Amino acid sequence: MEAALVIGYPVWSIASKWQQMKLQSLKFINSRGKKNVVGILPRCSARDTDERNSPNEKQLGFSDSLSISSTQQQQQQGSQGSGQVLSSVPTVSSGLVFYLGSENSWDFSEIGSPVVKRYLGDEEERWYMWYHGRSDENTDSIGLAISSNGIHWERGTEGVRSNADVGLVLSSSKDWWAFDTYGVRPCEVVMMSSAKIRANSSVYWLYYTGFSSEKIQSFDEEINSDMFQLGLEDGRVLGALPGLAMSQDGRHWARIEGDHHSGALFDVGSNDEWDSLFIASPQVVCHGPGDLRMYYHSLDKKNGHFAIGVARSRDGMKWVKLGKTLGGGSAGAFDERGVVNARVVRNQGDGSYLMVYEGLNSTGESSIGVAASVDGLKEWRRLQEVPILGKSDEGGWDSKGVGSPCLVEMDGDTKEWRLYYRGIGKDGITGIGLAVSEGGKVRDFKRWTGFQL
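Quantities reported herein were computed from a predicted structural model and do not represent experimental measurements.

Thresholds applied
Residues numbered from 1 in each chain as written. Predicted model: local features only at pLDDT ≥ 70, side-chain atom pairs only at ≥ 80, totals over all residues. Heavy atoms only, no water. Helix = DSSP H or I, 4+ residues; strand = E, 2+ residues; numbered from the N terminus. Buried < 20%, exposed > 50% of the residue type's maximum accessible area, 1.4 Å probe, protein only. Contact = heavy atoms within 4.5 Å. Areas by Shrake-Rupley, 256 points an atom, 1.4 Å probe, with all protein chains shown as cover. Salt bridge = Lys/Arg side-chain N within 4 Å of Asp/Glu carboxyl O. Phe/Tyr/Trp six-rings, centres within 6.5 Å; stacked < 30°, edge-to-face > 60°. Core = buried A, V, L, I, M, F, W, Y, C linked by side-chain atoms within 4.5 Å. Pairing = 2+ DSSP bridges. Lys, Arg positive; Asp, Glu negative; His and termini not counted. Polar contact = N/O pair within 3.5 Å; in protein donor to acceptor, adjacent residues only side chain to side chain. pLDDT = per-residue confidence, 0-100.

Colleague: Explain the overall build of the protein chain here, please?
Modeller: The helix and strand inventory of the protein chain stands at 1 helix and 28 strands. Expressed as a percentage of the 453 residues in the protein chain, the buried residues total 60%. Within the protein chain, contacts between residues at least 6 apart in sequence are counted, and of these 60% link residues at least 24 apart. A total accessible area of about 18800 Å² is found for the protein chain, and carbon and sulfur atoms account for 46% of it.

Colleague: Looking at this structure, how should I read the pattern of salt bridges?
Modeller: Any two side chains of opposite charge can pair, so long as their charged atoms come close to each other. Summed over the entire model, instances satisfying the criterion amount to 21 salt bridges. Two residues, Glu-110 and Arg-134, come together in a salt bridge whose shortest N-O distance is 3.5 Å. Of this pair, Glu-110 sits in strand β7 (residues 110-120) while Arg-134 is found in strand β8 (residues 125-134), placing the two residues 24 residues apart along the sequence. Where Arg-422 meets Glu-110, a salt bridge forms, and the shortest distance between an N and an O atom there is 2.9 Å.

Colleague: Quick question: what am I supposed to make of the environment of Ile-424 here?
Modeller: Position of Ile-424 relative to the elements: it lies in strand β26 (residues 416-424). Residues Ile-424 and Gly-403 lie 21 residues apart in sequence; the distance between their C-alpha atoms is 8.7 Å.

Colleague: Sorry, what's going on with the packing of aromatic side chains here?
Modeller: Think of a pair of aromatic rings as described by two things: how far the centres are apart, and how the planes are tilted against each other in angle. Within this structure, the stated rule accounts for 14 aromatic pairs. With 4.9 Å between their ring centres and 70° between their planes, Phe-98 and Tyr-131 make a pair best called edge-to-face. On the criterion of sequence distance, the pair formed by Phe-98 in strand β6 (residues 96-98) and Tyr-131 in strand β8 is long-range, its members being 33 residues apart. Through a chain of ring-to-ring contacts, three or more aromatic side chains come together here, namely Tyr-119, Tyr-128, Trp-130, Tyr-204 and Trp-253.

Colleague: How should I be thinking about unusual backbone geometry in this particular structure?
Modeller: Trans is the common state for peptide bonds, and a negative phi is the common state for residues other than glycine. A positive phi angle, close to 55°, is found at Ser-113, a residue other than glycine. Positionally, Ser-113 belongs in strand β7. Assessed through its relative accessible area of 4%, Ser-113 is described here as buried. Residues other than glycine seldom take positive phi values, yet Ser-281 does so here, at roughly 55°. Structurally, Ser-281 can be placed in strand β17 (residues 280-288). For Ser-281, a relative accessible area of 4% puts it in the buried group.

Colleague: Got a minute to help me understand the nonpolar core in this structure?
Modeller: Most often, soluble globular proteins have nonpolar side chains that are buried together. Grouped together as the largest cluster of nonpolar side chains are 43 residues, with contacts concentrated most on Trp-130, Trp-205, Tyr-207 and Trp-319. The leading source of residues in this core is strand β14 (residues 203-218), at 6 residues.

Colleague: In this structure, what is going on with the environment of Ser-276? I would like to understand it.
Modeller: Within the secondary structure layout, Ser-276 lies in the loop between β16 (254-255) and β17. Apart from residues no more than four positions distant in its own chain, Ser-276 is found in contact with Val-268, Gly-269, Ser-270, Asn-271 and Lys-301.

Colleague: Would you take a moment to explain the pairing of β7 for this structure?
Modeller: In the case of a regular strand, side chains alternate between the two sheet surfaces. Of all 11 residues in β7, 11 are buried; the element is thus mostly enclosed. Hairpin connection between β7 and β8: a loop of 4 residues separates the two successive antiparallel strands.

Colleague: I keep staring at the side chain of Asp-249 and nothing clicks. Help me out?
Modeller: Assignment of secondary structure puts Asp-249 in the loop between β15 (236-247) and β16. One buried charged residue, Asp-249, remains without a salt bridge, the closest side chain of opposite sign being Arg-251 at 5.4 Å. Within polar-contact distance, the side chain of Asp-249 engages the side chain of Ser-247 at 2.9 Å. Of the polar contacts made by the side chain of Asp-249, one reaches the backbone nitrogen of Arg-251; its length is 2.8 Å.

Colleague: Looking at this structure, I do not really get the environment of Gly-431. What am I missing?
Modeller: Take Gly-431: it is sitting in strand β27 (residues 430-437). Owing to a relative accessible area of 0%, Gly-431 belongs among the buried residues under this scheme. Gly-431 sits 319 residues away from Gly-112 along the chain, and the two C-alpha atoms are 6.8 Å apart. Leave out the neighbours within four places in its chain, and Gly-431 touches Leu-96, Phe-98, Ile-111, Trp-397, Tyr-421, Arg-422 and Gly-423.

Colleague: Could you clarify how one ought to interpret the confidence of the model for the protein chain in this entry?
Modeller: Interpreting fine coordinate detail is not advised for predicted regions of low pLDDT. Summary statistics for the protein chain give a mean pLDDT of 78 and a share of 71% for residues scoring 70 or more. Per-residue pLDDT stays below 50 along residues 1-25; that stretch engages in 68 contacts with residues further than four places along the chain or on separate chains. Counted against residues more than four places away or in other chains, residues 220-234, with its pLDDT under 50, gives 45 contacts.

Colleague: It is not clear to me how the pairing of strand β20 (residues 320-326) should be interpreted in this structure. Could you clarify?
Modeller: Here 5 bridges tie strand β19 (residues 305-313) to β20, and the two strands are oriented antiparallel to one another. Within the sheet, the bridge partner assigned to Gly-309 lies in β20 and is Lys-324. Count of turn residues in the β19/β20 antiparallel hairpin: 6 residues, of which Gly-316 carries a positive phi of about 85°.

Colleague: Sorry if this is basic, but what is going on with the side chain of Gln-283 here?
Modeller: In this fold, Gln-283 is placed in strand β17. At a separation of 3.0 Å, a polar atom in the side chain of Gln-283 contacts the side chain of Glu-188. Among residues more than four places away in sequence, those in contact with Gln-283 are Cys-187, Glu-188, Arg-293, Met-294, Tyr-295, Ala-342, Arg-343 and Val-344.

Here you go:
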């Protein structure tokens, strides 16, 4: 029997210097129960930041094929609807661009997992950042902040209410049987249109980690969970699986049930496989027509190292695992204990793939490394044996560790990479920072200290 999920949004129009849009309705046709599902081949945009040829303008919503575009037509941003909207402006500490929310806000206790997207129009640029946050009384939730330059961010203190709002956008599931009842963290946001989705334009696809209350393994040694976001609690790993949600405005999300009985996209491996404990931090990259890749991490209990695996899909919903693609570093290395929270981008220059990841040393301390691959599937090689960004000096806001990297390639006469990351300081206080590449090279990053005039 075929089920349909319909998400209806009111038509709206708000005056702004940014383009006005009207939301209609989004319908997802769930083909669960069908033995034969027609493959839907993706078509990918060649550019990640150019908004002038957006999917909405090309009316791709009813295409028979799946199309992906990082141009991602965005809804306009406003400052009303979700309580007070605040500007997260750093006043001290090198690199810090986003701090904890105000007291009693949904994200005043912890923040992290930045997923940053830059969109260019003919006359302006827009930045969106999805991130996870937590208050003392709640589990991890996902929020949205906006910016005009990627430095100064506007945020909301409560859940979003309008289609132009900022603030909390997705919380844990209330269904007892679901895989994400204990927290959710964003991993990637892409824009796609598909024959399975009935909408007048492309929609956002959010890939995220969902945590359950199931405690699956104890660790003999103490590991700082804040460093690599595994949901560790009292020395135990919480169950984690990959999830998918869809939205027409990047704010109001509908979960899309995967093949797993819990609603997750897929399950952990069997007992003798390297990813038998959990699946965390799923990030999706489009390689070409009918070829989506997902990078995720797990703990290889056989050797005790965290590792990154890859899965492949033709439609973004059904995935086939291809195995482990990058493991822990050599003895004494900054990533000896393993690699987690990978973020992969395609180099606009030569078409190769770059991976920034969080590396854990023998004591669990985290820093950020980089690897490269010609095809994005195999033969990933570390570009250097030292991190591209490590913790700051004692007393700094990120002096206890850095991780959860997100890499953004900038356009312009001077080629530049921006690296957004989660930092941890004294007493486990978290923030989101920014580092900039030196001379366009990905081997060395310096913390952002201000605009050069």
